[in-house]
Amino acid sequence: MTPAELLGLAEKTAREAGDLVRERREAVERMAVAGTKSTPTDVVTESDTAAEALIRSRLFAARPDDGFVGEEDGSVVGSSGVEWVVDPIDGTVNYLYGIPQYAVSIAASVDGVVVAGVVLNPASGELWTAVQGGGAFLDGRPVRVSSCTSLSLALVGTGFGYDAGRRARQASVLLEVVPRVRDIRRAGAAALDLCAVASGRLDAYYERGLNPWDLAAGGLIAAEAGAVVSGLRGAAAGGELALAATPGVAVELTSLLERLGADRD
Ligand code: IPD
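Calculation rules
- Residues numbered from 1 in each chain as written.
- Predicted model: local features only at pLDDT ≥ 70, side-chain atom pairs only at ≥ 80, totals over all residues.
- Heavy atoms only, no water.
- Domains from an automatic or database assignment.
- Buried area = accessible area lost by both parts, 1.4 Å probe.
- Salt bridge = Lys/Arg side-chain N within 4 Å of Asp/Glu carboxyl O.
- Polar contact = N/O pair within 3.5 Å; in protein donor to acceptor, adjacent residues only side chain to side chain.
- Helix = DSSP H or I, 4+ residues; strand = E, 2+ residues; numbered from the N terminus.
- Nonpolar A, V, L, I, M, F, W, Y, C, P; charged D, E, K, R; others polar.
- Near = heavy atom within 4 Å.
- Areas by Shrake-Rupley, 256 points an atom, 1.4 Å probe, with all protein chains shown as cover.
- UniProt positions renumbered as here; feature names shortened; annotations may be inferred.
- Buried < 20%, exposed > 50% of the residue type's maximum accessible area, 1.4 Å probe, protein only.
- Contact = heavy atoms within 4.5 Å.

## Notes on the domain arrangement of the chain
Here the chain is partitioned into domain 1 (3-143) and domain 2 (151-259). Measuring from the centre of the C-alpha atoms in domain 1 to the corresponding centre in domain 2 gives 20 Å. When the area that domain 1 buries against domain 2 is broken down by residue, the three leading residues are Asp 90, Val 114 and Trp 128, summing to 23%. Between Glu 126 and Arg 201 there is a salt bridge; the shortest N-O distance is 2.7 Å. Here domain 1 and domain 2 share 9 residue pairs in polar contact (both at pLDDT 80 or more) between them. At the level of elements, strand E3 (67-70), strand E5 (82-90), helix H3 (92-97), strand E6 (103-110), strand E7 (113-120), strand E8 (127-131) and strand E9 (136-138) are the ones that each hand at least two residues to the side of domain 1 that touches domain 2. Looking at the side of domain 1 that touches domain 2, the element that brings in the most residues is E7, giving 6 residues. Per-class residue counts for the side of domain 1 that touches domain 2 are 19 nonpolar, 15 polar and 5 charged.

## Regarding the site of the ligand
Taken together, the neighbourhood of the ligand is formed by 16 residues, with Asp 90, Gly 91, Thr 92, Tyr 162 and Glu 207 sitting nearest. Ile 89 is positioned with one of its backbone polar atoms (N or O) 3.4 Å from an oxygen atom of the ligand. In this structure, Arg 186 approaches the ligand through a side-chain N or O atom, which is 3.0 Å from an oxygen atom. Here the ligand, which alone exposes 380 Å², has 95% of that area covered by the protein. Of the residues that constitute the shell around the ligand, the class distribution is 6 nonpolar, 4 polar and 6 charged. When residues of the shell around the ligand are assigned to domains, at least three map to each of domain 1 (3-143) and domain 2 (151-259).

## What to know about the UniProt feature "binding site: Mg(2+) 1" (unreviewed entry) in the chain
Using the residue numbers shown here, the UniProt feature "binding site: Mg(2+) 1" (unreviewed entry) corresponds to Glu 71, Asp 87, Ile 89 and Asp 214. On the basis of their most widely separated C-alpha atoms, the annotated residues across 144 residues gather in one place, lying no more than 9.4 Å apart. The topology assignment puts Asp 87 in strand E5. Look at Asp 87 and you get buried, because its relative accessible area is 0%. Not counting chain neighbours up to four residues away, the residues in contact with Asp 87 comprise Glu 71, Ala 103, Val 104, Ser 105, Trp 213 and Asp 214. In terms of polar contacts, Asp 87 uses its side chain to reach the backbone amide nitrogen of Ile 89, at 3.3 Å.

## A look at unusual backbone geometry
Although it is not a glycine, Asp 111 adopts a positive phi angle of roughly 50°. Counting through the fold element by element, Asp 111 comes out in the loop between E6 and E7. Positive phi outside glycine occurs at Asp 139, with the angle close to 50°. Positionally, Asp 139 belongs in the loop between E9 and strand E10 (141-143).

## Quick word on the UniProt feature "binding site: Mg(2+) 2" (unreviewed entry) in the chain
The UniProt entry lists Asp 90 under the feature "binding site: Mg(2+) 2" (unreviewed entry), expressed in the numbering used here. As for its position among the elements, Asp 90 is in strand E5. Owing to a relative accessible area of 6%, Asp 90 belongs among the buried residues under this scheme. With near-sequence residues (within four places) excluded, Asp 90 lies in contact with Tyr 102, Ala 103, Ala 189, Ala 190, Ala 191, Leu 192 and Asp 214.

Here you go:
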């Protein structure tokens, strides 16, 4: 399969999973927490696991020899060289609270390099796509990063991990970033934050401690839209600082974050 064909499968699967999670959310006033993961605030709902099971079954039905890395149910090592990196619901806390800012994120990597990615916001219906070298698209129309060239005029997105110690560190970094930028947004779904950079809705986004499933599809989409992307594609779990920014802001923001030690716990 070509990257475009992998993208087609990812898009079809994301739409089906998106319908499932949206319909389940619309069916209840209050969403139940089905369990917790790394901390009591790192939650999982039954929709996360149902959506991941659906995605897994559709991808394996089409391509039984591929590998799979999902947020909820572990990894499968494949033999084809293609691996799917999946977050069934990125922004689970938004989903829990009924905030329409969550995403289904599906990326395909070949020999460890992300070649196709889809991020769908099921609540708004917006769908971002990219294949390596082919540009980035929102609902089929090309998107580009903003023309922002100054950090002081940049709208910067960020996020916080679930671990209290890491959060305290992230807050102390943020204290220094806020006075140096136009403003800060914490929207609550990393995949959508990366797509916001791709679409010029943010000028930059950074966060430490994300996982490959938060980053794989959105990182490709941001890069294909012209963002400088570091620590994203294929990044190891929890390690480095992930950053996506317009070329005019990336150097200034990177050196500020380095100076502040934003890549340390
Ligand atoms: C989380 C979201 C959030 C980010 C967290 C992630 P999840 O993913 O992307 O915006 O700040 O670090 O863990 O848990 O909702 O899939």
